[in-house]
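# Close look at the chain arrangement
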Amino acid sequence: MLIKTIYILYFLLLLLKLDCCHSQSEISKINNKTQKIIEKYLVKENIPGMSITVTLNDSVIFSKGFGFSDIENKKPVYPNSTKFRIASITKTITASTIARLSELNIIDLKKSVYHYLDSLPRKQFDFTIEEVGGHLSGIRRVPSGEKYTCDNQYQKSNFYSIFNTDNLLFEPSTSYEYSNYGYKLLGVIIEKQTQESIFDNHKKYILNVLGLENTVPETKIHDSLTSKFYIEKKGEIIEAPCLDCTFKYAQGCYLSTSEDLAKLGNAYLFPNRILKKETLVELIRSKKLKNGIKTNYGFGFMSGKDFYGNLFFGHNGAYQGSRSVLRIYPKSKIVIAILANRNVDGLDNLATEISYNYNKISIH
């Protein structure tokens with residue numbers, strides 16, 4: 001009986017070993033395909049540098065830098081240390097922060113923004129924190145007079161006065177308008193309720209919890225590990241104009257590495273790292289307009305199906321001189337983080353092509 005049991009265990013271990021080796025071999029082949037896809041895309045789009053990390057079931061299976069973070073000095077890209085702009089992917093961090101404050105009963109997402117900001121100039125319609133986070137409040141994309149270049153004069157001190165004159169675009173929840181302005185408002189609420197800066201809240205509830213040491217607010221002074229950022233002008237690749245990050249940290253203006261970003265993505269995939277399962281579900285679930293139409297955007301997260309019909313959620317980012325994608329596939333447990341130091345289109349398509357083969361891998 002003992003010999004029979006030992007034989008069965010040996011047989012099962014042998015099957016497991018063969019399956020593991022088969023999976024490793026399969027991943028290796030897919031990684032080679034991935035590298036070729038990226039190298040071709042880099043040349044086609046004339047991108048100076050990119051960083052791409054792919055994880056499967058919370059383990060890194062592909063992580064590489066391509067091209068240069070600094071063309072002039074030919075500095076290579078390292079996925080664990082070269083920092084790129086993540087732009088609006090920052091919204092997921094702000095949304096997760098406010099959701100954590102909700103779990104702690106510090107902020108109620110269902111309450112009106114005026115409940116927390118009683119001095120905020122009144123509009124013709126009331127709207128909730130949840131509507132702001134889902135881009136359903138009617139708040140326009142950017143405040144009047146705000147610029148992204150360094151000649152920007154719009155400051156936090158202007159927020160209330162300019163909000164007073166900027167009208168809502170529609171009755172809340174009757175339409176969808178992507179709004180950086182709305183995320184500024186969420187940042188103001190977070191700071192008022194906690195009496196701490198938006199940076200400190202991001203660190204306390206998200207970044208420090210996950211050990212994201214390379215995910216930091218951008219300033220005008222870049223360290224040696226921060227990529228330079230480029231645009232194309234008249235067929236020539238040149239450095240992008242100075243980016244003003246004043247009062248933009250709730251909506252964007254964070255730097256990160258692709259490996260940090262992938263780790264962040266896994267925190268949204270696996271509950272109880274930063275948020276409870278039920279909280280994550282509420283953030284990711286698509287909002288609906290009053291007429292029942294889905295927006296494919298939850299609270300700080302977009303969601304949908306890719307070209308091949310695979311369900312994903314996450315966020316994109318775009319500033320002059322940068323593009324970013326964080327794509328999370330819940331069924332296959334795949335996370336893809338892509339960062340580029342040039343403003344290019346088609347990064348979504350690249351993420352879809354990269355994900356296609358990985359999504360076919362079975363999870364054991």
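The coordinates are above.
Owing to the predicted nature of the structure, the values given are computational and were not obtained by experimental measurement.

## Details of the packing of aromatic side chains
Inspection of the entire model under this criterion finds 17 aromatic pairs. Residues Phe-159 and Tyr-160 carry aromatic rings whose centres are separated by 5.7 Å and whose planes lie at 85 degrees to one another, so their mutual orientation is edge-to-face. Classification of Tyr-160 as partly exposed rests on a relative accessible area of 32%. Summarising the aromatic geometry, the rings of Tyr-308 and Tyr-356 are spaced 4.2 Å apart at their centres and angled 35 degrees between planes, so their arrangement reads as tilted. Placement of Tyr-308 in the loop between strand E9 (302-305) and strand E10 (311-319) and of Tyr-356 in helix H10 (residues 347-358) is noted, with a sequence separation of 48 residues between them. Among the aromatic residues, those joined into a cluster by ring pairs are Tyr-154, Phe-159, Tyr-160, Phe-163, Tyr-181 and Phe-247. Taking the ring centre of Phe-247 as reference, the NZ or CZ of Lys-184 above it sits at 5.0 Å.

## Quick word on the nonpolar core
Ile-129, Leu-185 and Tyr-268 are the most contacted members of the largest nonpolar core, which totals 69 residues. Per-element tally for this core: the top contributor is helix H6 (residues 180-194), with 7 residues. If we ignore the near neighbours within four places in the chain, the residues touching Ile-129 are Ile-98, Ile-107, Asp-108, Leu-109, Lys-111, Val-113, Tyr-116, Leu-186, Ile-189 and Phe-299. If you look at the next biggest cluster of nonpolar residues, it comprises 27 residues, including Ile-27, Val-325, Ile-338 and Tyr-358.

## Considerations on the environment of Ser-173
For Ser-173, the location among the structural elements is in the loop between helix H5 (159-165) and H6. Between the C-alpha atom of Ser-173 and that of Lys-360, which follows or precedes it by 187 residues, the distance is 38 Å. Not counting chain neighbours up to four residues away, the residues in contact with Ser-173 comprise Glu-131, Leu-136, Leu-289 and Lys-290. Looking at Ser-173, its side chain comes within polar contact range of the side chain of Glu-131, at 2.6 Å.

## Let's talk about the state of the cysteines
This structure, assessed with the given rule, holds 2 disulfides. The disulfide partner of Cys-150 is Cys-242, and the gap between their sulfur atoms is 1.9 Å. Given an S-S torsion of about -60 degrees, the disulfide between Cys-150 and Cys-242 has left-handed geometry. Here the residue Cys-150 occupies a position in the loop between helix H4 (129-133) and H5, and Cys-242 occupies one in the loop between strand E7 (236-239) and strand E8 (254-256), the gap between them amounting to 92 residues. Classification of Cys-242 by relative accessible area gives partly exposed; the value is 41%. What pairs with Cys-245 in a disulfide is Cys-253, and their sulfur atoms sit 2.1 Å apart.

## Focus on the pattern of salt bridges
Opposite charge on two side chains lets them pair, provided their charged atoms get close. Tallying each qualifying case throughout the model produces 21 salt bridges. With a shortest N-O distance of 3.6 Å, Glu-239 and Lys-228 are connected by a salt bridge. Here Lys-228 lies in the loop between strand E5 (216-217) and strand E6 (230-233) and Glu-239 lies in strand E7, a separation of 11 residues in the sequence. Exposure remark for Glu-239: the relative accessible area of 45% places this residue in the partly exposed category. Of the residues examined, Lys-228 reaches a relative accessible area of 26% and is grouped as partly exposed. Each of Glu-146, Lys-184, Asp-244 and Lys-248 takes part in a single network of salt bridges with overlapping partners.

Rules and cut-offs
- Residues numbered from 1 in each chain as written.
- Predicted model: local features only at pLDDT ≥ 70, side-chain atom pairs only at ≥ 80, totals over all residues.
- Heavy atoms only, no water.
- Phe/Tyr/Trp six-rings, centres within 6.5 Å; stacked < 30°, edge-to-face > 60°.
- Buried < 20%, exposed > 50% of the residue type's maximum accessible area, 1.4 Å probe, protein only.
- Helix = DSSP H or I, 4+ residues; strand = E, 2+ residues; numbered from the N terminus.
- Lys NZ or Arg CZ within 6 Å of the ring centre and 35° of its normal.
- Core = buried A, V, L, I, M, F, W, Y, C linked by side-chain atoms within 4.5 Å.
- Contact = heavy atoms within 4.5 Å.
- Polar contact = N/O pair within 3.5 Å; in protein donor to acceptor, adjacent residues only side chain to side chain.
- Disulfide = S-S within 2.5 Å.
- Salt bridge = Lys/Arg side-chain N within 4 Å of Asp/Glu carboxyl O.

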